[in-house]
Every structure is written in C-alpha cells, then in structure tokens.
Amino acid sequence: MKTYKKLLYIGLFGTASITLMESCSKDWLKPQPLSFYAPEVALSTPEGLYSALTACERNMRHEFFGDGAPILTEIIQSDVAVEGTTDKAGPQMNMDIALLPDAQLNHENNTRVGWYWYEAYKGIKYANTVIARIDNATFKDDAEKNAILGAAYFQRAYRYYKLVHQFGDVPFLDWEINEPKYDFYSYDRWSILKRLKKDLEFAYQWVPEIVDRGRTSKAACGILLMKVAMALEDFDLAIKVGNEVVAKHPLMRNRFTVNQNRPNTNLMFDLHSVEAKLDMSNTEGLMYVVAYPEAEGSARIETMRNAVPFWNNGNIKTPDGQTGTNVNLAPGETDPSMDLNKSYGRGIGRLRPTWYFSNSIWRADKEKNDLRGIHNMNSWKRMEDLKYNSPDLKAKGSQWYGKNFVKSPSMSPEDTIRLWFSWPHYKVFVPDPLSSTWTGGETPWYVYRSAEVYLLLAESYYWKNQPGMAANALNEVRTRAGATPIQAGDVNIGEILDERARELYYEENRHVELVRMSYTYAKTRKPCEIFGGRVYSLENISGPGGTNSNIKQNGVNFWYDRVVAKSNFYNKGVKHKWAEYKISVHHILWPVPAGAINTNLKGIINQNIGYPGAERNEKPLIVPDEGTVLGPKAE
C-alpha cells in the first residue's frame with residue numbers, strides 16, 4: 001500500500017488541538033503530536049489546510065463505526081428497520097417519548113439524534129476554518145487553491161445537507177468563529193440548500209478525480225451536488241452530473257478480489273468485503289470513511305454486533321428446552337459452521353429489520369436470482385441456518401447438537417424481536433481476527449458508490465415523468481445483482497425506494513432520503529401513485545403542532561405514510577414489556593436538542609413543530625445569495 005505525503009492535522013486553540021501527524025493510508029488515523037504552531041502559521045500552506053480537512057474526513061467515520069453507531073438512528077427512523085433492544089426502557093421505540101428536546105438524545109442505548117446535531121457543527125467548524133483562511137496561504141496555482149476550497153465546501157455541504165433534512169431550518173455558519181457566540185438564529189432550509197448548490201458546483205469543478213482512500217473526490221462532490229439539486233427540483237442538473245460520474249466510475253460487474261474463489265461467496269460479497277474497499281481497482285467506490293485492519297488508531301465497525309440477532313443471550317432453546325448456543329466451541333469441534341461467532345458475528349440485535357426489508361422486497365419472480373437477497377442463502381442468513389452448538393449439548397449427548405435452529409412457538413415478543421430475524425450477511429460481515437468475539441473489525445466503509453448514482457438518476461427521471469429512462473437506470477443496478485429487469489410501467493417511487501433498500505442498506509441515510517422525497521412531493525404537489533394519488537403540501541408538513549401534537553394520520557407527509565405503510569411494527573401496534581412502537585407525523589423532523597436552544601441566550605434557534613418550545617419560534621432568516629452570513633459582506 002502506497003505511502004502518502006505528510007500532512008498536518010490542524011484545529012484552533014479553543015476548538016481543537018494543533019497536531020502534526022503522518023498521513024499514510026493507515027497512519028493518518030492516529031494523531032502524533034510533534035510540534036505546535038500558531039494557527040496563522042500552520043494554516044498558511046496547502047499542507048496545513050489539507051490537514052484541517054483531515055479533521056472533517058476523520059469525523060465522518062464516527063457515523064458508521066462502533067456499538068450503537070449513529071447510522072443506526074438514520075436506519076431506524078425509516079421503513080427498513082426498528083430498534084431491536086428489548087431488555088430496557090429508553091431505546092427509540094415509542095418516539096413520542098424518546099424524541100423529546102430534553103430527552104437523552106445522544107447515547108448508544110437511546111438515540112443518536114443529538115449526535116447528528118453536535119457533530120455536524122463540529123465538521124462545519126473545521127471546514128469554515130479552511131474557507132476563512134484560504135486567502136492567507138500561498139499556493140503554486142489557482143487549481144491547488146480551488147481544490148482545497150472545493151473540498152472544504154463539500155465537507156460543509158455534507159453536514160448541512162443532512163441537517164436541513166433532519167432538523168429543517170437550522171443556524172447557518174459560514175465563517176470561522178474565534179470566540180464564544182450566543183446569538184445564533186435559524187435560517188430557511190431552502191436558502192441553505194441554494195448556497196450548498198452554488199458551493200458544490202464549484203467543488204465539482206475543482207476537486208481532483210483521483211484521491212487517496214478517505215479523501216474528498218470529484219465524484220463525491222458530484223453525488224452530493226445531485227442530491228442538493230434534486231432537493232431544489234433541478235433534476236436536469238442532477239441527471240447531467242450523474243451521467244458524468246457513472247461514465248468515469250462504472251459498476252463493478254466481475255469478481256475482483258482474492259475472495260473470488262472462496263466457496264459460498266458471490267460478486268456482492270466481493271464488493272462489500274474488506275478487500276474490495278482496499279482494492280484500488282474498485283471503480284465503484286466514490287467516497288469512503290477509513291479504518292484499516294491492524295492499524296494503530298483505527299476503529300471497529302461493529303456491524304455484526306449491531307445488525308446480527310442476539311443468538312447468544314441464552315434464550316435460543318432446543319425443542320426440548322435446553323440452552324442451545326455458546327460463543328465457545330465444544331472441545332474437539334472442528335466443523336467451522338459450529339463456530340457461530342466467526343461464521344456470523346456475535347450480534348446483540350440492535351438493528352431489527354422490518355418484514356418489508358427482510359422479505360417483501362425480495363419477490364419470487366423478480367428477485368429470485370438476486371445476489372443481494374433472501375433467495376441467495378450465501379448472501380442472507382436466517383436463524384434456521386444456524387446450528388445448536390452449546391458444548392453442554394455435546395457433553396450430554398443431546399440429539400440437537402449440530403442440528404439447525406427451530407423456533408419455539410412460545411418465544412416471547414421480546415425475544416422474537418431481538419433474537420429471531422434474517423439479515424444481509426454479505427453486507428455486515430467484517431472479520432475481526434484480533435478479537436475473540438467477532439462484532440465487526442476494522443475496514444474502510446462506503447459513503448457513496450456508483451450504484452447510488454444510478455438510483456438517483458432513476459429518481460430524477462421519475463420526477464420528470466420519464467419512466468423509461470428511470471427503468472433503464474434502475475436496471476443497471478438490478479442486472480448487475482442478477483435481478484430481473486423492470487419495465488417502464490413498473491416505475492413508481494415505491495419501486496425506487498425498494499431498490500435503494502436492496503442496494504444501500506447500512507450505507508445510505510435512509511431517513512434523510514425519505515425526508516428529501518417528502519419535501520419534493522410537498523413542493524411539486526405531484527400525486528403519489530403508491531398512495532392512491534395522494535397530494536402533499538408544504539403547509540403543515542410536520543402536522544398542526546400545539547397541544548396534543550402526536551398526530552397519527554395519513555396524508556400529512558410522505559415520510560410518515562411510507563414508514564407506517566411498510567413497517568410491520570408501527571402499523572400493527574407491536575409492543576413488549578418495555579415499550580410500544582409508535583411514531584407521529586411530526587417525527588419527520590427531529591427535535592433540536594434543548595441544550596442548543598437554552599444556551600443560545602441572545603438569539604433564537606427554532607424548535608420543530610410538534611415538540612415543546614416550538615411556540616417561541618421566529619421566522620427563519622434567509623442566507624444571502626452573495627457574500628457571507630458571519631464573514632465579510634458582499635460589496
């Protein structure tokens with residue numbers, strides 16, 4: 001693996017430490033303090049400015065990595081999965097309780113809504129440091145300067161794109177802040193998006209095509225520009241950029257890693273393996289967050305802990321009532337299929353798929369040969385595929401030792417939710433050879449892939465009422481996976497969302513994308529064919545608010561209708577001893593953490609409709625077309 005040039009990892013006194021670090025493909029993960037410099041010195045070179053961006057790029061990783069990773073909240077607040085932790089109160093099941101401004105909004109055992117707020121503004125702060133100081137540095141030419149500025153614009157836009165779809169109108173910071181500030185105001189989401197579009201057009205022009213793993217690439221700028229353009233109904237621009245990106249970054253259609261000759265694997269296993277994410281011949285990966293196997297300062301992805309059933313909690317019983325599983329193998333056992341820990345991962349069932357994701361989107365006629373789905377048992381695993389492996393069973397001579405699991409008809413709701421579901425093994429399996437318990441080891445992880453570009457192209461054509469072109473784009477992804485091509489008459493928003501679920505599970509911000517579509521339906525007033533031609537409106541998109549605002553009725557926003565229609569937890573009133581699964585119309589947007597509002601003593605940060613405090617809202621400000629909000633003003 002090549003050695004990358006040395007870089008500085010820079011922050012500001014009072015906001016982050018100034019640290020010199022190596023930036024080879026592994027070592028840039030670990031800060032190595034060697035010297036300290038004043039910011040005006042350290043940020044006066046291209047290397048120093050790139051290092052400030054390293055803080056942004058490193059922090060992107062935290063969304064996907066670790067136990068109770070923030071990405072789980074994005075997945076759970078959608079149609080494809082729910083919270084599966086059923087042994088305590090607090091997790092995000094009854095959203096009327098879990099999603100309140102003064103609730104615990106940033107904890108792995110509750111929700112990570114608050115993480116998205118606070119970490120977004122950290123990333124924005126680092127990006128603004130570069131933007132504000134770009135003219136203080138010396139560059140060899142304009143291309144070098146604009147590449148750094150474009151990457152900073154991307155990093156800021158990456159956070160704001162999520163913020164406006166998670167929290168709506170939010171404070172807009174576009175310049176370096178060097179002292180405490182208590183007078184922030186909310187800005188109109190649409191004007192923020194317009195600024196993002198302008199910045200990303202610049203970034204897409206100047207950021208290089210070829211970059212190191214984990215760095216901001218031209219293609220990454222392109223896919224984010226597509227999403228922002230689509231949010232602003234500029235579908236022609238999204239189509240133009242999308243076609244340019246896939247022309248340079250084709251899908252991987254042939255097996256290409258050292259795993260290609262391994263039994264019980266396939267192309268999709270290749271694509272999502274650690275080896276594929278390290279392979280520089282991988283044309284499909286557009287942007288990654290990075291953690292490298294056995295690299296000091298790296299991190300574990302924990303996908304198997306989060307997304308695999310809790311098969312080892314002691315409640316998987318044999319038909320005659322004995323404890324059936326154990327992390328440890330029986331003495332002398334050599335059958336690898338009996339090692340459930342290393343074959344599947346030691347899960348705790350945090351991320352519980354809905355029936356929609358685990359079954360209904362995998363149709364027998366259209367997805368029978370789909371390498372990503374439940375009909376391919378190398379890719380998906382069912383509980384019935386696992387074998388009773390408890391050493392006690394073998395010691396007692398039990399007839400059930402080595403036999404496949406059989407679900408008990410008396411299994412409790414808590415255990416059914418947490419212990420008994422199928423999952424996409426090929427997507428979440430990450431070996432962890434340095435650990436005795438395999439929960440998901442070190443690996444790069446996709447942020448954007450060319451497959452998503454095709455799905456965004458399909459959606460853009462859908463909004464333009466060009467179903468034939470939409471079907472062609474969908475089929476690029478479908479045929480690569482082995483699914484049957486669809487026809488123009490099959491295209492609707494449901495088909496597009498189904499394909500996103502098949503392809504992008506544990507990659508996309510599913511909640512954000514559903515909200516983006518919800519705003520587009522409301523703004524365009526395009527009849528939604530999957531809900532009988534229902535028409536939505538921007539007025540009261542979060543519901544009426546006020547007293548008793550936990551409204552649960554169809555037709556207010558697309559996000560609520562979609563989640564309730566597809567989640568067999570919310571539409572069937574599923575409950576267990578700790579909670580009942582509930583969502584309301586206003587949960588389309590998340591609550592702004594109370595701490596952020598209460599400490600803003602001299603300004604007004606609006607609370608979203610439906611949550612306590614929204615009655616104090618003021619009209620949001622507008623981001624100016626020219627100039628800055630916090631920095632120099634346009635002349």
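Structural data are supplied above this passage.
Residues numbered from 1 in each chain as written. Predicted model: local features only at pLDDT ≥ 70, side-chain atom pairs only at ≥ 80, totals over all residues. Heavy atoms only, no water.

Requested: an account of the overall build of the chain, with residues and values cited.
Within the chain, the secondary structure is distributed over 23 helices and ten strands. By its C-alpha atoms, the chain is 85 × 55 × 50 Å across when sized along the principal axes. Counting over 635 residues, the chain shows a buried share of 62%. Accessible area of the chain: about 23800 Å², with a carbon and sulfur share of 50%. (Helix = DSSP H or I, 4+ residues; strand = E, 2+ residues; numbered from the N terminus. Buried < 20%, exposed > 50% of the residue type's maximum accessible area, 1.4 Å probe, protein only. Areas by Shrake-Rupley, 256 points an atom, 1.4 Å probe, with all protein chains shown as cover.)

Quick rundown of helix α18 (residues 450–463)? Include the residues and the values.
Here α18 is 14 residues long and its end C-alpha atoms lie 20 Å apart, about the 20 Å a rise of 1.5 Å per residue gives. Counted residue by residue, α18 has 14 buried out of 14 residues, so it is predominantly covered. (Expected span 1.5 Å × (residues − 1).)

How would you explain unusual backbone geometry if you had to name every residue and give the values?
In this structure, E233 takes a positive phi of about 70° despite not being glycine. Checked against the element boundaries, E233 lands in the loop between α8 (218–231) and α9 (235–248). A positive phi angle is found at E302, which is not glycine, with a value near 60°. Along the chain, the position of E302 falls in the loop between β6 (285–289) and α12 (303–307). Since its relative accessible area comes to 15%, E302 is described here as buried.

Got a sec to walk through the pattern of salt bridges? Specific residues and values, please.
If you walk through the whole model with that rule in mind, you get 53 salt bridges. With its nearest N and O atoms 2.9 Å apart, the salt bridge here joins E507 to K427. With a gap of 80 residues between them, E507 in the loop between α20 (493–504) and α21 (510–524) and K427 in helix α17 (residues 425–428) connect regions that are remote in the sequence. Ionic pairing is found between K575 and E580, a salt bridge with its closest N-O pair at 3.8 Å. Overall, K575 belongs to the exposed group, its relative accessible area being 51%. Here E580 falls in the partly exposed class, since its relative accessible area comes to 25%. (Salt bridge = Lys/Arg side-chain N within 4 Å of Asp/Glu carboxyl O.)

Hey, could you go over helix α2 (residues 46–60) for me, with residue numbers and the actual values?
The end-to-end C-alpha separation of α2 is 21 Å, in line with the 21 Å expected for 15 residues at 1.5 Å each. Burial of α2 is extensive: 13 of the 15 residues sit out of reach of the surface.

Quick rundown of the packing of α18 against α21? Include the residues and the values.
Packing of α18 against α21 brings their axes to within 13 Å, and their N-to-C directions diverge by 15°. Taken together, the axes of α18 and α21 lie roughly parallel to each other. The interaxial crossing formed by α18 with α21 has right-handed handedness. Mapping the contact onto sequence places L456, E459, Y462 and W463 in α18 and E513, R516, M517, T520, Y521 and T524 in α21. Class assignment for the residues of the contact of α18 with α21 results in five nonpolar, two polar and three charged. (Axes fitted to C-alpha atoms, helices over the stretch in contact; angles between N-to-C directions. Parallel < 35°, antiparallel > 145°, perpendicular 65-115°, else oblique. Left-handed = near helix turned anticlockwise from the far one by under 90°. Contact = heavy atoms within 4.5 Å. Nonpolar A, V, L, I, M, F, W, Y, C, P; charged D, E, K, R; others polar.)

An account of the pairing of strand β10 (residues 445–449) is needed here, citing residue identities and associated values.
Taken across its five residues, β10 has five buried, putting it largely inside the fold. As defined by bridge partners, β6 adjoins β10 across four bridges and the pair is classed as antiparallel. When the sheet's bridge partners are listed, V289 is paired in β10 with W445. (Pairing = 2+ DSSP bridges.)

How would you sum up the packing of aromatic side chains? Please name residues and give values.
Under the counting rule described, the total for this entry stands at 32 aromatic pairs. Arranged with centres 4.9 Å apart and planes meeting at 40°, the rings of Y160 and F172 form a pair that is tilted. With a gap of twelve residues between them, Y160 in helix α6 (residues 142–166) and F172 in the loop between β4 (170–171) and β5 (186–187) connect regions that are remote in the sequence. F172 carries the same exposure label as Y160, and that label is buried. Put simply, the rings of W115, Y116, W117, Y121, Y160, F167, F172 and W590 touch in pairs and so form one group of aromatic residues. Between R189 and the ring centre of Y519, over which it is positioned, the NZ or CZ distance is 3.7 Å. The ring of Y446 has R449 sitting right over it, with the charged end atom 5.5 Å from the ring centre. (Phe/Tyr/Trp six-rings, centres within 6.5 Å; stacked < 30°, edge-to-face > 60°. Lys NZ or Arg CZ within 6 Å of the ring centre and 35° of its normal.)

Lay out the nonpolar core in plain terms, naming residues and giving numbers.
Of all hydrophobic cores here, the largest spans 177 residues; its most connected members are Y160, Y448, I493, Y506 and F558. Here the element with the most residues in this core is α8; it accounts for eleven residues. Among all residues touching Y506, those that are not within four sequence positions of it are F64, I71, L72, I75, E302, T303, N306, A307, L351, K427, V428 and W445. By size, the runner-up hydrophobic cluster in this structure holds 14 residues, among which are I131, I134, A137 and F139. (Core = buried A, V, L, I, M, F, W, Y, C linked by side-chain atoms within 4.5 Å.)

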